[in-house]
Protein chains: 2
Amino acid sequence: MHSCEKFLAVGSGMEPAKIHRQEDVFRRVKNFRLRKRVYLQYNSEWNDYLPSFTYMRDNWRHDMSMYIVCLDLEGVLVPEIWIAFAKESGIPELTRTTRDEPDYDKLMNWRLGILREHGLGLKEIQETISKIDPLPGAKEFLDKLRRMTQVIIISDTFTQFAGPLMEKLGLPTIFCNSLEVAPDGEITGFKMRVKESKLTTVKALQSIGYETIAAGDSHNDLAMIQAGKAGFLFKSTEQIKKDYPQIPAYETYEELFDALKEAIER
Amino acid sequence: MHSCEKFLAVGSGMEPAKIHRQEDVFRRVKNFRLRKRVYLQYNSEWNDYLPSFTYMRDNWRHDMSMYIVCLDLEGVLVPEIWIAFAKESGIPELTRTTRDEPDYDKLMNWRLGILREHGLGLKEIQETISKIDPLPGAKEFLDKLRRMTQVIIISDTFTQFAGPLMEKLGLPTIFCNSLEVAPDGEITGFKMRVKESKLTTVKALQSIGYETIAAGDSHNDLAMIQAGKAGFLFKSTEQIKKDYPQIPAYETYEELFDALKEAIER
């Protein structure tokens with residue numbers, strides 16, 4: 001039986017006569033592919049690569065370029081901004097989170113009220129935020145990752161808050177929300193970019209030909225983590241890790257980088 | 001007449017009794033907005049800001065955050081890669097472009113054939129590309145722009161070719177196509193990310209709450225240039241500038257930066 005025919009047989013559901021070494025399979029299929037454009041599909045049941053007659057997408061081992069890694073910001077690359085801000089500015093009530101006030105709109109309006117009371121405009125807030133540092137190792141992790149693949153930070157924070165931190169992270173691309181700022185610097189409101197922004201964003205990226213791989217630490221990251229080709233919890237809570245045992249969870253940038261690399265290469 | 005009522009009158013089409021200074025208008029509408037969420041719309045006929053009762057999108061002057069600037073790569077930030085590659089590698093026939101072979105698929109397959117003939121795999125190609133420099137001033141322009149707003153490079157080149165140039169440009173985000181590379185480094189084919197990639201990509205970005213502003217130099221940039229809130233030709237040909245007199249055209253990064261800034265702020 002000619003090797004092409006053997007692969008056709010395999011693709012049609014027959015068990016392969018013998019399990020080839022991976023390189024062996026690649027060489028054979030590569031030769032065949034030149035004529036027939038057949039691609040490999042990983043079959044976990046057989047623990048081997050099998051030809052697929054659909055257009056090659058994510059299984060060609062050295063094709064790392066059709067991926068976007070989508071990362072959460074707060075808790076993953078930088079500290080929780082409001083908590084760090086409360087500490088830096090000496091306004092402890094700003095540590096209030098959605099755990100205390102589940103309605104995000106109410107919480108944000110309350111926060112903006114506190115800022116106004118303390119006479120803090122955008123300039124003062126950005127000066128305070130510029131004292132906050134990314135988590136140790138975050139920039140090195142991000143630099144390494146951005147050399148391997150495309151990375152977009154998707155966050156529920158506001159561009160104006162994220163700005164000073166993006167500077168320290170080497171100006172990565174961030175998709176987030178925005179504050180409405182009056183000409184005198186007063187923050188008059190806020191604007192959420194899109195509903196369910198993390199999920200909506202990864203879906204939009206998928207619609208233009210990308211596979212997404214996501215990592216985040218909290219509830220609002222779960223949708224994007226589960227919507228992509230792979231997804232990971234990073235520095236998450238014990239409760240979330242317990243509730244989602246199927247999502248691999250990591251605590252160090254080394255572990256996360258290796259998992260992302262493996263997901264891209266496999 | 002109370003100032004709020006005056007604005008309502010103006011919004012409903014009445015000519016304003018007098019033209020306010022811009023700051024004046026902002027202060028009044030800001031006060032009003034706190035209760036009614038009315039936003040300003042620029043009326044070019046009256047050369048003034050008038051209230052708009054639709055949700056504030058692009059006219060709040062200090063809201064710079066809901067924009068993504070989409071830039072072409074070749075000819076705008078770096079030289080034409082195939083032409084520079086032909087020169088660096090000493091293979092003059094690789095200067096052949098879509099002007100000589102309008103079918104892009106045919107052209108690319110022909111180019112890959114030439115690379116194979118010369119025994120050039122991905123490693124050799126990337127070594128050659130790493131000798132190519134971005135256009136003078138491109139990195140400084142991009143750094144400044146990325147501090148002001150989000151930037152994504154949208155290109156028809158291939159990630160693997162762009163890699164060494166992205167490194168020199170400070171690792172900006174790039175959406176482009178990808179090469180199929182065999183384990184031994186041989187380029188066996190190429191994969192276009194999505195059809196009409198530039199237009200499709202700006203549309204996807206718009207669908208997740210962004211206004212896009214684009215700049216490019218050639219025919220394949222025209223769709224994205226014209227699909228966004230603003231768009232510019234940059235270092236384009238005389239013919240394109242003549243055929244599209246309605247698109248502002250610039251030759252220096254300073255001019256382009258000022259035009260982008262103005263588009264974001266207006």
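Please refer to the structure higher up on the page.
As the structure is a prediction and not an experimental result, all values here were calculated from the model.

(A) Seen up close, the overall build of chain A. Secondary structure assignment for chain A yields eleven helices and nine strands. With 266 residues in all, chain A has 53% of them scored as buried. A sequence separation of at least 24 residues applies to 56% of the contacts in chain A between residues at least 6 apart. For chain A, the accessible area works out to roughly 12200 Å², and carbon and sulfur atoms hold 50% of it.

(B) The arrangement of the pattern of salt bridges in detail. All names here are of chain A. Under the definition given, this model contains 22 salt bridges over all chains. With its nearest N and O atoms 2.8 Å apart, the salt bridge here joins D133 to K168. Taken together, the residues span a long stretch of sequence, with D133 in the loop between helix 5 (122-129) and helix 6 (138-148) and K168 in helix 7 (residues 159-168) at a distance of 35 residues. Classification of D133 by relative accessible area gives partly exposed; the value is 47%. The class of K168 is partly exposed, set by a relative accessible area of 28%. Note that K139 is salt-bridged to D143, the shortest N-O span being 2.8 Å. Of this pair, K139 and D143 both sit in helix 6, four residues apart, which is roughly one turn of the helix. Given the relative accessible area of 30%, K139 is considered partly exposed. Residue D143 is classed as buried on the basis of its relative accessible area of 16%. Here the residues in one salt-bridge network are D72, K198 and D221, joined through shared partners.

(C) Local environment of the sheet that holds strand 4 (residues 150-158) of chain B. Residues and elements named next belong to chain B. Here seven strands make up an open sheet; going across it, the order is 6-5-4-3-7-8-9 and the pairing mixed. With one partner strand each, in any of the chains shown, strand 6 (187-191) and strand 9 (249-250) form the two edges of the open sheet. Bridge analysis of strand 3 (residues 67-71) against strand 7 (residues 211-216) gives five bridges, and the strand direction is parallel. Residue pairing in the sheet places L71 in a bridge with A215 of strand 7. With respect to the sheet, helix 4 (residues 104-117) is in contact with strand 4, strand 5 (173-181) and strand 6, its orientation differing from that of strand 6 by roughly 160°.

(D) Layout of helix 4 of chain B. All names here are of chain B. An ideal rise of 1.5 Å per residue puts 20 Å on 14 residues; helix 4 measures up with 20 Å between its terminal C-alpha atoms. Of all the residues in helix 4, the buried ones are L107, M108, R111, L112, I114 and L115. Down the axis of helix 4, the smallest arc covering the buried residues is 155°, so these residues share one side. Facing away from the buried surface of helix 4 by more than 90 degrees, the exposed residues are K106 and E117. Its buried side turned inward, helix 4 meets helix 3 (81-89), helix 5 (122-129), strand 4, strand 5 and strand 6.

(E) Layout of the side chain of R193 of chain A. The topology assignment puts R193 of chain A in the loop between strand 6 (187-191) and helix 8 (197-207). Of the buried charged residues, R193 of chain A lacks a salt bridge, with D156 of chain A as the closest side chain of opposite charge at 6.7 Å. Polar contacts involving the side chain of R193 of chain A include one to the side chain of T201 of chain A, which spans 3.0 Å. Once residues within four sequence positions are removed from consideration, R193 of chain A is found in contact with I154, F175, C176, N177 and T201 of chain A together with M66, I208, G209 and Y210 of chain B.

(F) Geometry of the sheet that holds strand 8 (residues 230-234) of chain A. Residue and element names in this part refer to chain A. An order of 6-5-4-3-7-8-9 is seen for the seven strands of this open sheet, with the pairing classed as mixed. Of all the strands in the sheet, just strand 6 and strand 9 (249-250) have a single pairing partner and so form its edges. Here helix 4 (residues 104-117) sits on the sheet and contacts strand 4 (150-158), strand 5 (173-181) and strand 6; the angle it forms with strand 6, its principal contact strand, is near 160°.

(G) Looking closely at the pairing of strand 5 of chain B. Residue and element names in this part refer to chain B. The element strand 5 is extensively covered by neighbouring structure, given that nine of its nine residues are classed as buried. Where strand 4 and strand 5 come together, four bridges link them in parallel fashion. Residue pairing in the sheet places I152 in a bridge with T173 of strand 5. Crossover strand 4 to strand 5 through helix 7 (residues 159-168) is right-handed. With four bridges connecting them, strand 5 and strand 6 associate as antiparallel partners. Within strand 6, the residue paired with L179 across the bridge is F190. Counting the residues that bridge the hairpin from strand 5 to strand 6 gives five residues, and of these G185 lies at a positive phi of roughly 95°.

Each value, and the rule that gives it
Residues numbered from 1 in each chain as written. Chains lettered and ligands numbered in written order. Predicted model: local features only at pLDDT ≥ 70, side-chain atom pairs only at ≥ 80, totals over all residues. Heavy atoms only, no water. Helix = DSSP H or I, 4+ residues; strand = E, 2+ residues; numbered from the N terminus. Buried < 20%, exposed > 50% of the residue type's maximum accessible area, 1.4 Å probe, protein only. Contact = heavy atoms within 4.5 Å. Areas by Shrake-Rupley, 256 points an atom, 1.4 Å probe, with all protein chains shown as cover. Salt bridge = Lys/Arg side-chain N within 4 Å of Asp/Glu carboxyl O. Pairing = 2+ DSSP bridges. Axes fitted to C-alpha atoms, helices over the stretch in contact; angles between N-to-C directions. Expected span 1.5 Å × (residues − 1). Arc of directions from axis to C-beta. Lys, Arg positive; Asp, Glu negative; His and termini not counted. Polar contact = N/O pair within 3.5 Å; in protein donor to acceptor, adjacent residues only side chain to side chain. Right-handed = clockwise from strand over helix to strand, strands pointing away.

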